[in-house]
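The chain contents come next:
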Number of protein chains: 2
Amino acid sequence: MHAQLEKILEELQTFLGKDQLSTNETVRENHGRDESYHEMALPDIVVFPRTTEEVSKIMQVANTYEIAVIPFGVGSSLEGHIIPVTHTLTIDFSQMNQILEVRPEDLLVRVQPGVTRMQLNKELKKHGLFFSVDPGADATLGGMAATNASGTTAVRYGVMRDQVRDLEVVLADGRVMHTGNLAAKSSSGYHLNGLFVGSEGTLGCFTELTLKVYGIPEFEMAARAVFPTVRQAIEAATMVLQAGVPIARIELVDEQSMEQANAYSGTSYLVKPTLFLEFHGNEAGLKQDVEFTTEIMNDNGCLEIFFETDNKARHELWEARHNLAYAYIHGYPGKKMMTTDVVVPIGVLADAIEFARQLIDETGMIGGVLGHVGDGNFHSLVMMDLNNPEDVARAKAYNARLVEFGLENGGTCTGEHGVGVGKMIYQSREHGESLNVMRAIKHTLDPKNILNPGKLIAEV
Amino acid sequence: MHAQLEKILEELQTFLGKDQLSTNETVRENHGRDESYHEMALPDIVVFPRTTEEVSKIMQVANTYEIAVIPFGVGSSLEGHIIPVTHTLTIDFSQMNQILEVRPEDLLVRVQPGVTRMQLNKELKKHGLFFSVDPGADATLGGMAATNASGTTAVRYGVMRDQVRDLEVVLADGRVMHTGNLAAKSSSGYHLNGLFVGSEGTLGCFTELTLKVYGIPEFEMAARAVFPTVRQAIEAATMVLQAGVPIARIELVDEQSMEQANAYSGTSYLVKPTLFLEFHGNEAGLKQDVEFTTEIMNDNGCLEIFFETDNKARHELWEARHNLAYAYIHGYPGKKMMTTDVVVPIGVLADAIEFARQLIDETGMIGGVLGHVGDGNFHSLVMMDLNNPEDVARAKAYNARLVEFGLENGGTCTGEHGVGVGKMIYQSREHGESLNVMRAIKHTLDPKNILNPGKLIAEV
């Protein structure tokens, strides 16, 4: 227990209600694990603020008593971002879940950090709008900004960082600031939006987000294109991108993962390497995009291409894709999943995915390979028994080899899941001298190292 | 003269050739002014490095003797970025102008900072590719990254910051680092790409850039839509954006500026508020986009719409638009131009532009209003006699009123020209608390304040 825990609680009680503060073990347990294989650890205190002012006061208390602070959304992290490594006060943002303003004319929305992606899209639909970033999980927007989340639509609409116009941030000492404004572009001052998005709670707590939204496309169509080999599927996808087809989603699912998808989602898709595609556009343009894409698929050995025009079948297709992680977890009870997240330049993606698949087969692990092909980002989902140290070591060694392949080819160790605790060991290799610049910035903004310590940057 | 100028020159001569180092007055004059109204001032020394290693050694010398350093491209700044405010060593990057690598498969290019936009596009054309950012001037890519330049195509392809995958940067003490990698997205570490793009030479010197490029669109078409009023033109444009038409350019030119354009470019366009449009896409989609846009234009009182299908007429149309600044300068010999650069949310753009136009008319200044309507970014081009203090004061007061309008509505004082010396006075009002965070970052990375001092951030 933190030596001054009683004093911290006493101070917090002066401005937080009874229902906004907890040291209950179950509550702490619910804030001590994420969706990953990383080992659970409990925070000492969990608080549930309702306003920016309360968050600012909480930070002032934390700063005075030098207790670590972790901002918490729904805990859908895959790299242990929200798991304490020392005495910790966790700030749960579930009470700050209001959609504050929809500005259809400006294509902007202003939300509190606890709003989830699906909650936002439900509201936006009334205005004919949608929020584009779709990481699969129904994460909070605060959490998605903290890890710079993306997912299947990034190839067309960009990642979380591309959608953030402004963040209200509470700094380590409780000061409140804004990183941006409502303008579509700016050359005024340093780009703090970019710096704070992806900072994983290590530079400040987000208390409000202004985000870019889009008009719902006039027409949408989904397709599955089946290939004899992973390489042919990727070559076809690469040609679609090079041809400048404004594809909205283009996802590779390998044979093993198609099998898991069928078992879990009750689909009966062909068990072959498959591209899941989605097109957005006006009717005529979409028709021509579809024709052109089909031609490219066929030129690259596509066995069959299935189009899903109605909403239900389209929804089912993406359900199956998004549920793949759960399909593996469900399929192997007792085992935990490790997800790799390397990105490579598109030109070497086929090599990277073949290498990933081959390594899984060679080592006898259970797992599949998925690819956000448009971004050169691919995931291996690898199952392991946490009670078997050899299993864990093998999975970690596997991730290390993929990361090394990625970095050798100019890529990155994580495209969308973030560093957390799982990818800290790769930071020095990946960033070299610039890691010192990152450390200097962290030290300047959080001199006492109370903001999510032990994540993203190892030592400060 | 800097007290230790002789020593500095001596040190530089140990690794720079005779033709790489100058204290000649004409050379210094060529590096003492930009394209703006800001008063000229000469650097003490100009150097012409050819390698990153030389830039690093130059920075080490500058750091030792605490002489200010200004990186210089072609001097096309509009806010005095490259004009010294103290004893200065200017680094001219014209000898570092190689296109190092084109990677068509990865849609990437690697260049030295002295490569200009047109030089790059000439090379890319051979590969069926193009670089999207088009600020009008044939600026260097290093300079464009330093100010986060954009221009007419930002509505579709984004600004300079969106194109930068990696920068090689020489820091204040001569250390060399990279801000990114070749991956299309990354959640690894802090987003240094975003921080360094737009830093105006105040955080480091760029010695190499890796940039995103695009396939040349299958079809392109340009149009001019003429309206009775500025408000109707903007309302039409706003509806096009809200409808999600993937328009490639959408520019407003007011009546006064159409007159200047005709006089300078020899065109005979109707002298009325006009939208200049460009469409990129596949043949069928573009056709439908054009039809839909025409419908929206007509619904908003468009008087006439002219399409330019052939390459020459299309080129002529954009020439006329891009030459507008020169048209004003040419039209009023002896006068200098001040350009405002406010961005507002699209919803208030019509109000902002009407306000800007009205203020010009009320004060009796000569000038026009142009708008990158898709971004909510508009420029007033205002002519003034630098020998007439009243004229200058009036223009400055005008800019201040537009900035105040912008900031009151959630906008920014500069969308693409940058802060330089001209917009420093607005930084505190615009950024509030976050300006302190910017200052802290600047101080951490440049403790001796030698990197382009007196720009972007006033006091450190």
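Keep in mind that what you see is a predicted model, and the values were worked out from it rather than measured. Along each chain, the written sequence defines residue order, and numbers are assigned to residues from 1. Note on labels: chains are lettered from A, ligands numbered from 1, in written order. Residue-level local features of this predicted model are given only where pLDDT is at least 70; pairs of side-chain atoms are given and counted only at 80 or more, and the full residue set underlies all totals for whole chains, interfaces and linings. Note that the side-chain values use all heavy atoms of the structure and ignore hydrogens as well as water.

J.: Sorry, what's going on with the overall build of chain A here?
T.: Only DSSP runs of H or I covering at least 4 residues are called helices, and only runs of E covering at least 2 are called strands; the numbering of each starts at the N terminus. A count of helices and strands for chain A gives 17 helices and 18 strands. Expected size for 460 residues packed as a compact globule is a radius of gyration near 23 Å; at 22 Å, chain A falls within 12% of this value. Each of the three principal axes of chain A carries a C-alpha extent, and together these read 70 × 55 × 45 Å. A simple rule labels every residue: compare its accessible area, found with a 1.4 Å probe on the protein chains alone, to the largest value its type can have, and call it buried under 20%, exposed over 50%, or partly exposed in between. Residue burial in chain A is summarised as follows: out of 460 residues, 62% are buried. Counting contacts in chain A only where the partners sit at least 6 residues apart, residues at least 24 apart contribute 71% of the total. When charges are counted, neither His nor the chain ends are considered; positive counts come from Lys and Arg and negative counts from Asp and Glu. Lysine's charge is taken at NZ, arginine's at CZ, aspartate's at CG and glutamate's at CD. Taking the average location of the 38 positive side-chain charges in chain A and that of its 61 negative ones, the two points are 3 Å from each other. The globule rule used here is 2.2 Å times the number of residues to the 0.38 power, and the radius of gyration it is set against is calculated over C-alpha atoms. Contacts are assigned to residue pairs that have any heavy atoms within 4.5 Å of one another.

J.: Is there a simple way to think about the packing of helix H9 (residues 230–242) of chain B against helix H14 (residues 349–363) of chain B in this case?
T.: Residues and elements named next belong to chain B. The angle between two axes is taken between their N-to-C directions and runs from 0 to 180 degrees, where each axis is a line fitted to C-alpha atoms and a helix contributes only its stretch in contact. Across the interface, H9 lies against H14 with an axial gap of 9 Å and an inter-helix angle of 155°. Our classification of the angle between H9 and H14 gives roughly antiparallel. Seen from above, H9 lies across H14 with right-handed handedness. Side by side, H9 and H14 meet where Val230, Arg231 and Ile234 of the first sit next to Leu349, Ala350, Asp351, Ile353 and Glu354 of the second. Three classes are used: nonpolar for Ala, Val, Leu, Ile, Met, Phe, Trp, Tyr, Cys and Pro, charged for Asp, Glu, Lys and Arg, and polar for all others, with Gly counted as polar. Each residue belonging to the contact of H9 with H14 can be placed in one class, and the counts come to five nonpolar, no polar and three charged. Here roughly perpendicular refers to angles of 65 to 115 degrees, roughly parallel to angles under 35, roughly antiparallel to angles over 145, and oblique to all remaining angles. Handedness of each helix crossing follows the sense of rotation of the near helix against the far helix: counterclockwise by less than a right angle gives left-handed, clockwise gives right-handed.

J.: What's the story with the sheet that holds strand S4 (residues 88–92) of chain A in this structure? I'm lost.
T.: Pairing between the strands of a sheet comes from backbone hydrogen bonds, and it takes one of two forms, parallel or antiparallel. All names here are of chain A. At least two DSSP bridges between two strands are needed for those strands to be called paired. Within the open sheet, the four strands sit side by side as S1-S2-S4-S3. Their pairing is mixed. Among the strands making up the open sheet, the edge pair consists of strand S1 (21–22) and strand S3 (68–72). Judged from the two bridges that link them, S1 and strand S2 (residues 45–47) form a sheet pairing that is antiparallel. The residue of S2 that forms the bridge with Leu21 is Val47. The sheet strands contacting helix H1 (residues 5–13) are S1, S2 and S4, and the helix crosses S2 at an angle near 10°. Contacting S2, S3 and S4, helix H3 (residues 52–65) crosses the sheet at an angle of about 175° to S4.

J.: Please clarify how the side chain of Thr153 of chain A should be interpreted in this entry.
T.: Within the fold, Thr153 of chain A resides in the loop between helix H5 (141–147) and helix H6 (154–157). Not counting residues up to four positions away in its chain, the partners in contact with Thr153 of chain A are Ser132, Val133, Asp134, Gly158, Ala248 and Arg249 of chain A.

J.: What am I meant to see in unusual backbone geometry here?
T.: Residues other than glycine predominantly adopt negative phi, and peptide bonds predominantly adopt the trans conformation. You will see that Asn449 of chain A, though not glycine, has its phi angle at about 55°, which is positive. Position of Asn449 of chain A among the secondary structure elements: in the segment after helix H17 (433–445). Given the relative accessible area of 27%, Asn449 of chain A is considered partly exposed. The backbone of Glu66 of chain B shows a phi angle near 50°, a positive value even though the residue is not glycine. Examined against the element boundaries, Glu66 of chain B turns out to sit in the loop between helix H3 (52–65) and strand S3 (68–72).

J.: Is there a simple way to think about the pairing of strand S17 (residues 366–372) of chain B in this case?
T.: Every other side chain in a regular strand lies on the same face of the sheet, so the side chains alternate between the two faces. All names here are of chain B. The element S17 is extensively covered by neighbouring structure, given that six of its seven residues are classed as buried. Judged from the three bridges that link them, strand S13 (residues 249–253) and S17 form a sheet pairing that is antiparallel. Among the inter-strand pairings, Val253 is bridged to a residue of S17, identified as Leu370. Relative to strand S18 (residues 377–384), S17 is paired through seven bridges, and the arrangement is antiparallel. Each residue of the ladder has a partner; that of Val369, found in S18, is Ser380.

J.: Even after reading the chapter, I still don't get the domain arrangement of chain A, so can you show me in this structure?
T.: For the purposes of this description, domain bounds are those given by an automatic or database domain assignment. According to the domain assignment, chain A contains domain 1 (5–92), domain 2 (99–215), domain 3 (219–325) and domain 4 (332–419). For domain 1 of chain A and domain 3 of chain A, the distance between their C-alpha centres works out to 42 Å.

J.: What's the story with the UniProt feature "domain: FAD-binding PCMH-type" (unreviewed entry) in chain A in this structure? I'm lost.
T.: Cross-referencing UniProt, the feature "domain: FAD-binding PCMH-type" (unreviewed entry) maps to residues 39–216 of chain A in the present numbering. Within residues 39–216 of chain A, the helical portion is 24% and the strand portion 25%, while the C-alpha atoms at the span's ends are 41 Å from each other. UniProt positions are given in the numbering used here, feature names are shortened, and annotations may be inferred rather than shown by experiment.

J.: Can you help me understand helix H11 (residues 283–299) of chain B in this one?
T.: When the terminal C-alpha atoms of H11 of chain B are compared, their 24 Å separation across 17 residues agrees well with the 24 Å that a helix rising 1.5 Å per residue should span. All of the buried residues in H11 of chain B are Gly285, Leu286, Asp289, Val290, Thr293, Thr294, Ile296 and Met297 of chain B. Buried residues of H11 of chain B, viewed axially, fall in a sector of 165°; they line one side. Among the exposed residues of H11 of chain B, those pointing more than 90 degrees away from its buried face are Lys287 and Asp299 of chain B. Where H11 of chain B is buried, its residues meet helix H11 (283–299) of chain A together with strand S12 (219–226), H9, strand S14 (274–281) and strand S15 (304–308) of chain B. One less than the residue count of a helix, multiplied by 1.5 Å, gives the span that helix is expected to have. The directions from the helix axis to the C-beta atoms are what the arc is built from.

J.: Just to check I follow, could you spell out the interface of chain B and chain A for this structure?
T.: The figure often quoted for interface size is the accessible area lost as the parts come together. Listed as interface residues are 79 residues of chain B and, on the opposing side, 79 residues of chain A. Buried area counts how much accessible surface, traced with a 1.4 Å probe, disappears from two parts once they are put together, with both parts' losses summed. Three residues, Lys185, Ser187 and Tyr190 of chain B, lead the burial of chain B against chain A; their summed loss comes to 17% of the area buried on that side. Every case where a carboxyl oxygen of Asp or Glu lies within 4 Å of a side-chain nitrogen of Lys or Arg is listed as a salt bridge. Linking chain B to chain A there are six salt bridges. The closest approach of N and O atoms between Lys185 of chain B and Asp375 of chain A, which form a salt bridge, is 3.1 Å. Nitrogen and oxygen atoms within 3.5 Å of one another constitute a polar contact, given that in protein one can donate a hydrogen and the other can accept it, and given that sequence-neighbouring residues count only through two side-chain atoms. At the junction of chain B and chain A, the tally comes to 49 residue pairs in polar contact (both at pLDDT 80 or more). Only helix H7 (160–163), strand S9 (176–178), helix H8 (192–196), H9, H11, helix H16 (427–431) and helix H17 (433–445) of chain B provide two or more residues apiece to the side of chain B that touches chain A. Residue classes in the side of chain B that touches chain A are distributed as 28 nonpolar, 35 polar and 16 charged.

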